[in-house]
Amino acid sequence: MKNYNVLIIGSGPAGLFSAIELEKLGLDKIAIVDRNPYPAGGLLNDGKLNFDYRVGFDIDELQIDRARAEKMMQEIKKVLTRFPRCKQVTFINGNGKLAALVAMASEHGAQFIAPEQWHWGTDNGKALVDYLRGILKKTDFLLGTEVSALECRGVNDFRLNCLKSGKKTSYRTRALLAAPGRSGAYWFRDAARAMNIHHNFGPIDVGIRLELNRKFYDAITDIVYDPKFIFKTSRHGDKVRTFCTNPGGRVRVENYGDFKLINGDAFSGRKTPNTNFALINTVALTKPLSDTTEFGQRIAKQFYLLGGGKPIMQRVGDFREGRRSSEATFNSATRHFEVCKATGSATPGDISLAMPARIMDNLWESLKKLDKIVPGILHPSTLIYAPEIKFFDTQYPTDCNLETNIKGIFVAGDGAGKSRGIVGAAISGIIAARGIARRC
Ligand SMILES: Cc1cc2nc3c(=O)[nH]c(=O)nc-3n(C[C@H](O)[C@H](O)[C@H](O)COP(=O)(O)OP(=O)(O)OC[C@H]3O[C@@H](n4cnc5c(N)ncnc54)[C@H](O)[C@@H]3O)c2cc1C
């Protein structure tokens, strides 16, 4: 059995940046394990980078202050923006139009955040990952290797039981970093439970993705590539925000086996005539049910059932009239639906049949406000896709080094509730690496 000082589960931004930091700190015998044959995690998707301490992570959850977050973002920026195809798309300094947007949003009861943003595009994802992998000189990549179980054999003695090409194999390590992303979050929760690693249920984000002819949103996205509007709804007092805007992008469907979720991305060069963005409502549960995962999955399965195994899409024109969208009238010119041609694969139907009423109220109230800030987004042709759900919900209580209650086991990234995006995942990976270096 091969012995390591540090084993990292997951080759997404949390895993890769932690390995870069561990090498920088002089550690050796490091390996990244990933079930995929190519080390990337979510780095192959779109690649919008938000450099703002309010976006994509929570400084309280990471137990850092704003100054430290900003310093770490600079370190990450230095690495990622050295990749030549990563381009700055939102400029904050000297952007005179931002103040007007902040004022207009506030007039309609919304907060507006404009982070400095960079983008490499889905088509450049592989080249970016090759560039990051090239920085790592001493790290082994154990790819196509699925971790099935974790074992603690004593102080600083852990074993990873894995499957590679159907064969069982094990690795031994002194310290373990779990960065399994959202796709591995539920496997890790079960594995953590078996090892008595403490966890809590955090909030999830449930909502929709809008796709519209880009001419309606260009006025905003020409100023800020991925604008962040945050609403507090008057009816329920809940938080709703825009997220992951893709000017000239496409709507994507993610397959989770017994349900499907909506997402979106964009290429660097080739553009569609549309823009898409998510509008999501933060939902936290207490008693008698705190399991936000179960709640979110039931919503997703309801859409899957009603959409015949696909997500649902509905024209705003139909939604306003309280009727479902149908194949027959989906591209009707008399109803002005031809203005936006769908790029995502979903079933024309009725969003409000599957979405809980409180969430639907919140989303529609926020959309009406947004339509006042950006007139035209609620054109009848605009498409509402659902469900878009972000499961960042399992949180692990850790110390400030992201070490769990089991000494020697650290967590980072989206799958551990420590981030909600590439930059946040990278920050959490670096924090964990520094903690591991102190221990090893
Ligand atoms: C379509 C789409 C577009 C996105 N666009 C953006 C964007 O523009 N900007 C942004 O900031 N974020 C974006 N995101 C989110 C971003 O990808 C994630 O926030 C980020 O990748 C999280 O990093 P991570 O390291 O925590 O996990 P991940 O990147 O998900 O990596 C986790 C890795 O762990 C591996 N793994 C899981 N379980 C196991 C196991 N049991 N054994 C072995 N390996 C395992 C997985 O195979 C995966 O490679 C997008 C996501 C999607 C789906």
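Residues numbered from 1 in each chain as written. Predicted model: local features only at pLDDT ≥ 70, side-chain atom pairs only at ≥ 80, totals over all residues. Heavy atoms only, no water.

## Looking at the domain arrangement of the protein chain
And step 1. Here the protein chain is described as being made up of domain 1 (2–85 + 120–200 + 396–439) and domain 2 (204–390).
And step 2. Here the C-alpha centroids of domain 1 and domain 2 sit 30 Å apart.
And step 3. In this assembly, 14 residues from domain 1 lie in contact with 19 residues from domain 2.
And step 4. Of the roughly 1200 Å² buried between domain 1 and domain 2 on both sides combined, carbon and sulfur atoms contribute 46%.
And step 5. Where domain 1 meets domain 2, there are zero salt bridges.
And step 6. For the pair domain 1 and domain 2, the interface holds eight residue pairs in polar contact (both at pLDDT 80 or more).
And step 7. Looking at the side of domain 1 that touches domain 2, the elements with two or more residues in it are strand E3 (48–51) and helix H6 (185–194).
And step 8. Of the residues in the side of domain 1 that touches domain 2, the class split is three nonpolar, five polar and six charged. (Domains from an automatic or database assignment. Contact = heavy atoms within 4.5 Å. Buried area = accessible area lost by both parts, 1.4 Å probe. Salt bridge = Lys/Arg side-chain N within 4 Å of Asp/Glu carboxyl O. Polar contact = N/O pair within 3.5 Å; in protein donor to acceptor, adjacent residues only side chain to side chain. Helix = DSSP H or I, 4+ residues; strand = E, 2+ residues; numbered from the N terminus. Nonpolar A, V, L, I, M, F, W, Y, C, P; charged D, E, K, R; others polar.)

## Let's talk about the packing of aromatic side chains
And step 1. Considering all chains together, one arrives at 10 aromatic pairs under this definition.
And step 2. Where Tyr-186 meets Phe-391, the ring centres are 6.1 Å apart and the plane angle is 85°; that geometry is what we call edge-to-face. Placement of the pair is Tyr-186 in helix H6 and Phe-391 in the loop between strand E20 (383–390) and strand E21 (394–395), with a sequence separation of 205 residues.
And step 3. Among the aromatic side chains, those forming a connected cluster through ring pairs are Tyr-186, Tyr-256, Phe-259 and Phe-391.
And step 4. Above the face of the Phe-51 ring, Lys-77 is positioned so that its terminal group lies 5.8 Å from the ring centre.
And step 5. Sitting over the face of the ring of Phe-141, Arg-133 holds its NZ or CZ atom 4.3 Å from the ring centroid. (Phe/Tyr/Trp six-rings, centres within 6.5 Å; stacked < 30°, edge-to-face > 60°. Lys NZ or Arg CZ within 6 Å of the ring centre and 35° of its normal.)

## Here we look at the nonpolar core
And step 1. With 52 residues, the main nonpolar core has Leu-49, Trp-120, Leu-132 and Ile-427 as its most contacted residues.
And step 2. The element that contributes the greatest number of residues to this core is helix H11 (residues 422–439), accounting for 10 residues.
And step 3. Setting aside chain neighbours within four positions, we find Ile-427 in contact with Phe-57, Leu-62, Ile-64, Ala-69, Met-72, Met-73 and Ile-76.
And step 4. Ala-105, Leu-279, Val-283 and Leu-367 belong to the second-largest nonpolar core, a separate cluster that totals 47 residues. (Core = buried A, V, L, I, M, F, W, Y, C linked by side-chain atoms within 4.5 Å. Buried < 20%, exposed > 50% of the residue type's maximum accessible area, 1.4 Å probe, protein only.)

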